[in-house]
Amino acid sequence: MMRESWRPSPAVSCWLCTLALLAFAGCDDDEPTPVDGAVLPEAGVMGDTSVDGAPDAAPDAENRADEGPAVDAGPDAAPPLTPAESPTAGPEDLPGIADLTQPAPAGTARAGRVDADDERITGVEAHCRVGDFRLDNAVVALCIQAERSYGQFTFAGGNIIDAIRVDPAADDWLDGDYFREAIHTISLGEVSVERMGIVRDGSDGGPAIIRTIGTAGGMLILQGVLPGSFVPPPVPVVTEFRLAPDSDAVEVLTWVEGVGSVARVRVADMLYFGDQTRDFPEGLLLSDTPALLAAEGQGVSYGWSRPGGALGLFPLVGLDLPVIATQTDQVALRPVDTALFRRTLRIGTGDVESVRAPSAEAVELRITGPAGLRLDVEGPESTRALLTDAGARTVRVVPGTYTLTAHGWPGGAASQEVEVGPDGAEVAFAAPAPARLNISVRDDGGQALIARLDLAGPAGQRLFVRGTRSVELPAGAWTLTTSRGWHYTVDQRAVELAAGEAVDVEVALEEVIPMEGWAAGEFHQHASPSLDSEVPVLDRALANIAEGVQFMVPSDHDVIYDYAGLVQRHGLADELAVPLPGVEISPVFTHIGAYGLPYDAHAGAGGAPPLPVEEGGRWRNRTVPELVAEARRRGARLIQMNHAREDSGLFVHTGYSPDSPIEDLPADRFTADFDSMEINNRTRDTCRLLADWMGLLNQGLRVTAVGNSDSHNVGSPVGYPRNYVPTAAADPRRVTADEIVAAVQAGRVTVGGGAVIDLPDGPQPGEELQIDDGVLPLRVRVRTPPYAAVQRLLAFVNGRIALEVPVEAAVEDITDFDGVIEVPVERDAHVIVLALGDDSLAHIDPGSPVFALSNPLWIDRDGGGVTPAGPVPVDMLDLPMCD
């Protein structure tokens, strides 16, 4: 259930952006503008006037809209378009520098192949793999991915995916990456890299150069939404990445050649600076033409520019996508023409000022204040500055009146004006001193706990505490709420924080609902590998632990991320199990969880099945049955149908209803090959999904019900709801992939949202049993934390309510119900027990109702096996949680 504001899935986002691009097609310049170092042909040879591969009519892979009429080869034809610079002479076949484990010496640049893990760049956004390329000097280091992409944007690689500042004295000098990737497209088509390699390794004292060679074609992410649209002409493309000794900037040069007939193209760079960076400038509009696009990380910053000109923006701005698309100038190419497009990526020291080129009229503005203070500088020019450890920073701006505003300062908001004259200026910025909170969290036995800390006061935020944590905050009155999911108590207290002073807080949390022989886990949540989530992957792992989740099954959109490797690297393997890699396959219609797929860094998107396929020169999307079959072929052990009652969900898309035969559903859209389905994700759909699920059970489709958070941000907690599977491990965090798969396939799973249901004396969910008379006696136990309660139990037989039992327990009771219920069963049936409470999880997940659900027991009344009831009506609950 997404309790954050709705955000479109990546597929829907791309569908929206595609519509925006189609609308933009009528807004292009009538005439092309010059490209760097090139002479344009006369306007008369431009040919087709459609924009950048956007179709004039229905999408058709054979209607490549950038292609124009044949070239006029007559005596009056314009001379060939020839760039002022050609690709570097020589093949791209040098072996490169063998040892990349030590920093490059000053005065040198180098290129090499990453041959071992200790040569990979690391950091919060690092994706560098063994087999990728490195480009280094004594100032910066970059990773350029090999021919196959790690991500879900493109099939191919050949682009910058990591970039850091180098501190040669640091032991971890390869750490500190905040850069996600820069994708270089031809008219929104990707370049299929056919070969790449090292042209210059820097050993001659000059720049190090890596080159890619390929052909323009359809981009993975766009072809997965509107196949056949935005397919550029198959023009040859060469890109070189050049790094000079001691430079903090890498030059990106792209040559595009014409083929066949006139092709009107541009290079559009999709910049994904990284989810943990601060963008500059903020709030861009499509009409803006900034000279610089920048982003700041911790200790590193990035600036993208085009030498000698402003950056045009492609219409992805304003669509809440994590990328900024810049467009270079546009050019019409004949077979005799070649165009060159130049761009620069500068890697700075942590602020915008370090990647910005001051104007010739700029003077110095020296700013002093607290070390680590980040300031927005707004006036005739704009920049952002980070004060050094010495508490000072000099920026270069033109004279005028400027407003300095603290940016993200933990002491609180502050601003002041300064007048910068022809000789410059100096200003001491007065920032409020922050207070410091030191918190430690332990269990009732004194062991350190990873816990969630919610802070309410002058500012609100959610943090994760790994036993102890120190955090700077604005002075004032604060309420601290410390929790570890609903299996534990909650600590809430008021604290007064004074500026410049520290307060120590010690918290003890008690586990009140222990789970012996069962492990609690989640099958659906997102982090930064998903295009619609900005949660750092480490924070996502910590969030699971802090909510008491013992195993997580990753499910990012259309990409498999190595969470198992992540928890191992960060020393969390004893706290959280990640035994099953996974992905959420996310076409426009129907989202599919595929779990057990092996992670493969070089298989493209980590090994996730791509949505589109190209057949005979035409693009099409795989159908849902095809995607499921492809996931199975790649090794998926479990298939889960996600939020099937969402507008684009499986049941809406296929017209399914609980009393309709599944055999009548369209075979190109529906498949019965899934092991589980979500009955609680978005709470409003729970009543419909319960009925849908029981309708499938009635038809003999033994699908296991699961509940998941589908969390996309830190404010939406993971683990509500969660799933309980049996394990033989003494520590449930040692649950295995085989145990999880076996439990889901057998239906031996219970679901809980603020409550835990179990059948202590058996039988267990998923089991078949025979009863001699028409009554099933069943011991049911329901437990809740001392701040939540259930009010009733419902027993369903073949989808109809057969028994309702009121529950009268005090809210502070842990065991709300423990007794035998007698469920009337007259024929072969499946029996389900549901516990319902109010929305009393205020401290854990405000507004979320308390509930718990068992998967079915299968009852054989006549000894001849369980005969399904068939597509018969079922009861649909009318609950406050359901819309």
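Preceding this paragraph is the structure being described.
This text gives an overview of the structure that appears in the document. (Residues numbered from 1 in each chain as written. Predicted model: local features only at pLDDT ≥ 70, side-chain atom pairs only at ≥ 80, totals over all residues. Heavy atoms only, no water.)

1. Some words on the state of the cysteines
At step 1: Evaluated as defined, the whole model comprises two disulfides.
At step 2: Disulfide partner of Cys-128: Cys-143, at an S-S distance of 2.2 Å. Since a negative S-S torsion denotes a left-handed disulfide, the Cys-128-Cys-143 link at about 80° is right-handed. Linking Cys-128 in the loop between β1 (109-113) and β2 (133-137) with Cys-143 in strand β3 (residues 140-144), this pair joins segments that are 15 residues apart in sequence. Per residue, the accessibility class of Cys-128 equals that of Cys-143, and both read buried.
At step 3: Each sulfur of the disulfide joining Cys-687 and Cys-882 lies 1.9 Å from the other. Around the S-S axis, the bridge from Cys-687 to Cys-882 shows a dihedral of about 85° and counts as right-handed. Taken together, the residues Cys-687 in helix α7 (residues 686-698) and Cys-882 in the segment after β50 (857-860) connect sequence positions 195 residues apart. (Disulfide = S-S within 2.5 Å. Helix = DSSP H or I, 4+ residues; strand = E, 2+ residues; numbered from the N terminus. Buried < 20%, exposed > 50% of the residue type's maximum accessible area, 1.4 Å probe, protein only.)

2. Describing the pattern of salt bridges
At step 1: Under the defined criterion, the tally for this structure stands at 47 salt bridges.
At step 2: Residue Glu-85 is joined to Arg-242 by a salt bridge in which the shortest nitrogen-to-oxygen separation is 2.4 Å. Placement of the pair is Glu-85 in the loop between α1 (10-24) and β1 and Arg-242 in strand β8 (residues 236-243), with a sequence separation of 157 residues.
At step 3: The class of Glu-85 is partly exposed, set by a relative accessible area of 24%. (Salt bridge = Lys/Arg side-chain N within 4 Å of Asp/Glu carboxyl O.)

3. Digging into unusual backbone geometry
Negative phi is the rule for most residues except glycine; trans is the rule for most peptide bonds.
At step 1: Across the junction of Tyr-720 and Pro-721, the peptide omega takes the value -10°, indicating a cis bond.
At step 2: Between Gly-762 and Pro-763 the backbone carries a cis peptide bond, its omega angle lying at -5°.
At step 3: Residue placement: Pro-763 occurs in the loop between β42 (756-758) and β43 (768-770).
At step 4: The phi dihedral of Asp-558 is positive, around 60°, even though this residue is not glycine.
At step 5: Mapping Asp-558 onto the fold places it in the loop between β32 (551-552) and α4 (563-569).
At step 6: Even without a glycine there, the phi angle at His-643 is positive, about 30°.
At step 7: Of note, His-643 is situated in the loop between β37 (638-642) and α6 (650-654).
At step 8: Overall, the relative accessible area of 4% leaves His-643 in the buried class.

4. Side note on the sheet that holds strand β23 (residues 425-428)
At step 1: Strands sit in the order β20-β17-β23 across an open sheet of three strands; the sheet is mixed. Of all strands in the sheet, those bounded by a partner on one side alone are β20 (392-397) and β23. Looking at each pair of strands side by side, their axes are set apart by 20° on average, direction ignored.
At step 2: Pairing between strand β17 (residues 363-368) and β20: six bridges, direction antiparallel. Following the sheet pairing, Arg-366 is matched in β20 by Thr-394. (Pairing = 2+ DSSP bridges. Axes fitted to C-alpha atoms, helices over the stretch in contact; angles between N-to-C directions.)

The values are spatial; any link to function lies outside them.
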